[in-house]
Amino acid sequence: MASSSSSSSSEEDNEVFIVTTWPSLGLTPPPEAPSSPSASVGPSAASASALDAFHASAIQRFGNHYLAAHHQPNVSAATYETGSLLYAALMTSKFPTSLEIGLATGLSAMYMAQAHVDINGGDDDSIRHICIDPTQRLPKDETSTVGLQRGGWDSEGLQHLEQSKLGRVVAMLETESHRALPALHEAGWTFGVVFIDGMHLYDYILLDFFYADLMLPVGGILVLDDAWLPSVQDAAKFILTNRSYELLMLDAERWSEHGKRYFALRKTANDTRMWNEHNRAFAISDGSENNAQ
Ligand SMILES: C[S@@+](CC[C@H](N)C(=O)[O-])C[C@H]1O[C@@H](n2cnc3c(N)ncnc32)[C@H](O)[C@@H]1O
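As the structure is a prediction and not an experimental result, all values here were calculated from the model. (Residues numbered from 1 in each chain as written. Predicted model: local features only at pLDDT ≥ 70, side-chain atom pairs only at ≥ 80, totals over all residues. Heavy atoms only, no water.)

Asks: Hey, could you go over the sheet that holds strand β1 (residues 17-19) for me, with residue numbers and the actual values?
Replies: Overall, mixed pairing links the eight strands, which are arranged β1-β6-β3-β2-β7-β8-β10-β9 in an open sheet. At either end of the open sheet lies a strand with only one pairing partner, and these are β1 and β9 (245-247). Strand-to-strand twist in this sheet, taken as the mean axis angle between neighbours without regard to direction, amounts to 20°. Of the pairings in the sheet, the one linking strand β7 (residues 193-196) to strand β8 (residues 221-225) comprises four bridges and is parallel in character. Paired with Val 194 across the two strands is Leu 222, which belongs to β8. Set on the sheet, helix α3 (residues 80-91) makes contact with β2 (98-101), β7, β8 and β10 (262-267); between it and β7 the angle comes to about 160°. (Pairing = 2+ DSSP bridges. Helix = DSSP H or I, 4+ residues; strand = E, 2+ residues; numbered from the N terminus. Axes fitted to C-alpha atoms, helices over the stretch in contact; angles between N-to-C directions. Contact = heavy atoms within 4.5 Å.)

Here it is as structure tokens:
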């Protein structure tokens, strides 16, 4: 895994770039992509077929391990549907970069990195997908602690990305999100799709959202994973009733987990609240976002 230096062999070209020092990240945002704006997120015919091809090849590469991760409830890995949503969101996005908080086994990152490769071609080696994870390279036991996280990943996510030949478009910031996000913002990064899937306590999710929102252009997509958790539901309610976001409604037949496993929100405007709105209690919605199908 490349760490703060460029590499030359083809093996090394697939290594994830690991950032361990900040605020000087040593990472500059890629040039704006010329892709055209898209009206909606969803399984367009093109993205669905590219996705199915990726999924089939991932099954071939990772076999039972990959399948098992997708079929066990509550494992620390994106489901096929969540991965598909992230992939489709990027394939139809006019913004060329994505951010993920929480790498773990790297499955969601694989879908997102694959979208960048499918958009930009196999020769493009700009960093397009940034993930944040404090314990990715630590051993998988309870002695590996950073902040509140217990247990590392023994580099499993990095290995999946590198074995999939996707590592070269990915950088990992090896720290907690509350340290990494301000550094990314300071360095001028923006992201068309942000996947929040790190520490799932309410205040951590809100903090992740706060910085993600600063780096998400209008029209960008925010996905909150694990929609069954009260902390995630409350964060979604806060966002939907206090900020300019809309809940995406997707075809229930293809997207059966939509609104159950994850919330997908589109940013519709920058924050326009008045400074003195602290005079009112913030509002939360009536929970109707949980019925999204
Ligand atoms: C549910 S897993 C991520 C799963 C992955 N996104 C996927 O779908 O395949 C949560 C991840 O968040 C990471 N994490 C824990 N605390 C964190 C923090 N403060 N900042 C960023 N990531 C954190 C954990 O190490 C773990 O890898």
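Asks: Lay out the pattern of salt bridges in plain terms, naming residues and giving numbers.
Replies: What the rule picks out here adds up to 11 salt bridges. Among the ionic pairs, Lys 140 bridges to Glu 156, the shortest N-O distance being 2.5 Å. With a gap of 16 residues between them, Lys 140 in the loop between β3 (129-132) and β4 (145-146) and Glu 156 in helix α5 (residues 156-163) connect regions that are remote in the sequence. A residue is classified by how much of its surface remains accessible, and Glu 156, at 12% relative accessible area, is buried. Between Arg 273 and Asp 271 there is a salt bridge whose closest N-O contact spans 2.7 Å. (Salt bridge = Lys/Arg side-chain N within 4 Å of Asp/Glu carboxyl O. Buried < 20%, exposed > 50% of the residue type's maximum accessible area, 1.4 Å probe, protein only.)

Asks: Can you tell me about the environment of Glu 257, naming the residues and giving the values?
Replies: Its place among the elements puts Glu 257 in the loop between β9 and β10. As for Glu 257 and Ala 227, which are separated by 30 residues in sequence, their C-alpha atoms are 9.7 Å apart.

Asks: Mind laying out the site of the ligand, listing which residues take part and the relevant values?
Replies: Close to the ligand lie 22 residues, the nearest being Ala 78, Gly 102, Asp 133, Ser 177 and Asp 197. The separation between an oxygen atom of the ligand and a polar main-chain atom of Ala 104 is 3.1 Å. Within the side chain of Asp 197, a nitrogen or oxygen atom sits 2.8 Å from a nitrogen atom of the ligand. When the ligand is considered free in solution it has 610 Å² of accessible area, and contact with the protein chains removes 96% of it. Those elements that place two or more of their residues in the shell around the ligand are β2 and α4 (107-120). Considered class by class, the residues forming the shell around the ligand number 11 nonpolar, seven polar and four charged. (Near = heavy atom within 4 Å. Polar contact = N/O pair within 3.5 Å; in protein donor to acceptor, adjacent residues only side chain to side chain. Areas by Shrake-Rupley, 256 points an atom, 1.4 Å probe, with all protein chains shown as cover. Nonpolar A, V, L, I, M, F, W, Y, C, P; charged D, E, K, R; others polar.)

Asks: Describe in detail the side chain of Glu 100, supporting the description with residues and values.
Replies: Tracing the chain through its elements places Glu 100 in strand β2. Apart from residues lying up to four places away in sequence, Glu 100 is in contact with Ser 108, Ala 109, Met 112, His 129, Ile 130, Cys 131, Ile 132 and Phe 195.

Read these as geometric descriptors, not functional statements.
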